[in-house]
Amino acid sequence: QVQLVESGGGSVQAGGSLRLTCVGSGFLYSSACVGWFRQAPGKEREAVATVDTAGRPKYADFVKGRFTVSRDNAKMTLYLHTNTLQPEDTAMYYCARQREWVPGDYCTVKMWDAADWGQGTQVTVSS
C-alpha cells in the first residue's frame, strides 16, 4: 500500500527553521511527483512546494525563497527545509504523491485532487 509518513514538525519562534521529512513506500518513488501541502484550522489545504521526477522544484508564492524542497530517491524521502518561519506558516504540513493530472497540471503547485496523502506533521510558529 502507498504510505507517506511525515516527521520533523514542531514549535519554533518566528524566524526559526525546521526540516520536514516524508518517507514514502509502496510505490515507485523515483517516477512520482511529490510535494508538500499545508492546512491551518478552518482553512483550505494549500500547496507549498512540489518536486517532479527530475528533481525540479516549484514553490507557492508565499514561500518567498524561505523554503527549499528536495528529494532523495535512494531513500524514498522528500524534504522541506524551512527558514524564516512566520506565524502565518503555522499549519499541519502534509506530503503527497500525485496520482494523476490533466494536461498542464503535472506536478503543479496547486491542490491535487488525485493524490496519496501522509498523516501530516504539525508546524507551530510563535511570535
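This write-up is about the structure you can find in this document. (Residues numbered from 1 in each chain as written. Predicted model: local features only at pLDDT ≥ 70, side-chain atom pairs only at ≥ 80, totals over all residues. Heavy atoms only, no water.)

Section: the packing of aromatic side chains
For the structure on display, the rule yields four aromatic pairs. A ring pair is formed by Phe37 and Trp112, whose centres lie 4.9 Å apart and whose planes are at 70°; its orientation type is edge-to-face. With Phe37 in strand β4 (residues 34-39) and Trp112 in the loop between β9 (91-98) and β10 (115-117), this pair connects stretches of sequence that are 75 residues apart. On the basis of relative accessible area, Phe37 is assigned to the buried category, the value being 0%. A centroid spacing of 4.7 Å and a plane angle of 55° characterise the contact between Trp101 and Tyr106, whose relative ring orientation is tilted. Among the aromatic residues, those joined into a cluster by ring pairs are Phe37, Trp112 and Trp117. (Phe/Tyr/Trp six-rings, centres within 6.5 Å; stacked < 30°, edge-to-face > 60°. Helix = DSSP H or I, 4+ residues; strand = E, 2+ residues; numbered from the N terminus. Buried < 20%, exposed > 50% of the residue type's maximum accessible area, 1.4 Å probe, protein only.)

As for the pairing of strand β7 (residues 67-72)
By the alternation rule, side chains of β7 split into Phe67, Val69 and Arg71, which are all buried, and Thr68, Ser70 and Asp72, of which none is buried. Both β7 and strand β8 (residues 77-82) contribute to a ladder of six bridges, which runs antiparallel. Along β8, the bridge assignment pairs Ser70 with Tyr79. Linking two consecutive strands that pair antiparallel, namely β7 and β8, is a turn of four residues; a positive phi of about 50° is found at Met76 within it. (Pairing = 2+ DSSP bridges.)

Concerning the pattern of salt bridges
Enumeration over the complete set of coordinates arrives at seven salt bridges. One salt bridge connects Asp105 with Lys110, and the closest N-O pair in it is separated by 2.9 Å. (Salt bridge = Lys/Arg side-chain N within 4 Å of Asp/Glu carboxyl O.)

What to know about the environment of Val34
Following the sequence through the fold, Val34 ends up in strand β4. Overall, Val34 belongs to the buried group, its relative accessible area being 2%. As a C-alpha pair, Val34 and Leu78 span 44 residues in sequence and 7.5 Å in three-dimensional space. Beyond its immediate sequence surroundings of up to four residues, Val34 is in contact with Tyr29, Thr50, Val51, Arg71, Leu78, Ala96, Arg97, Cys107 and Trp112. (Contact = heavy atoms within 4.5 Å.)

Overview of unusual backbone geometry
Phi is positive for Lys64, which is not a glycine, with a value near 50°. Relative to the helices and strands, Lys64 resides in the loop between β6 (57-59) and β7.

Some remarks on the pairing of strand β1 (residues 3-7)
Along any regular strand, the residues point their side chains to alternate faces of the sheet. Taking every second residue as pointing to the same face, the buried face of β1 carries Leu4 and Glu6, while none of Gln3, Val5 and Ser7 on the other face is buried. Pairing of β1 with strand β3 (residues 18-25) involves five bridges; the strand directions are antiparallel. Residue pairing in the sheet places Ser7 in a bridge with Thr21 of β3.

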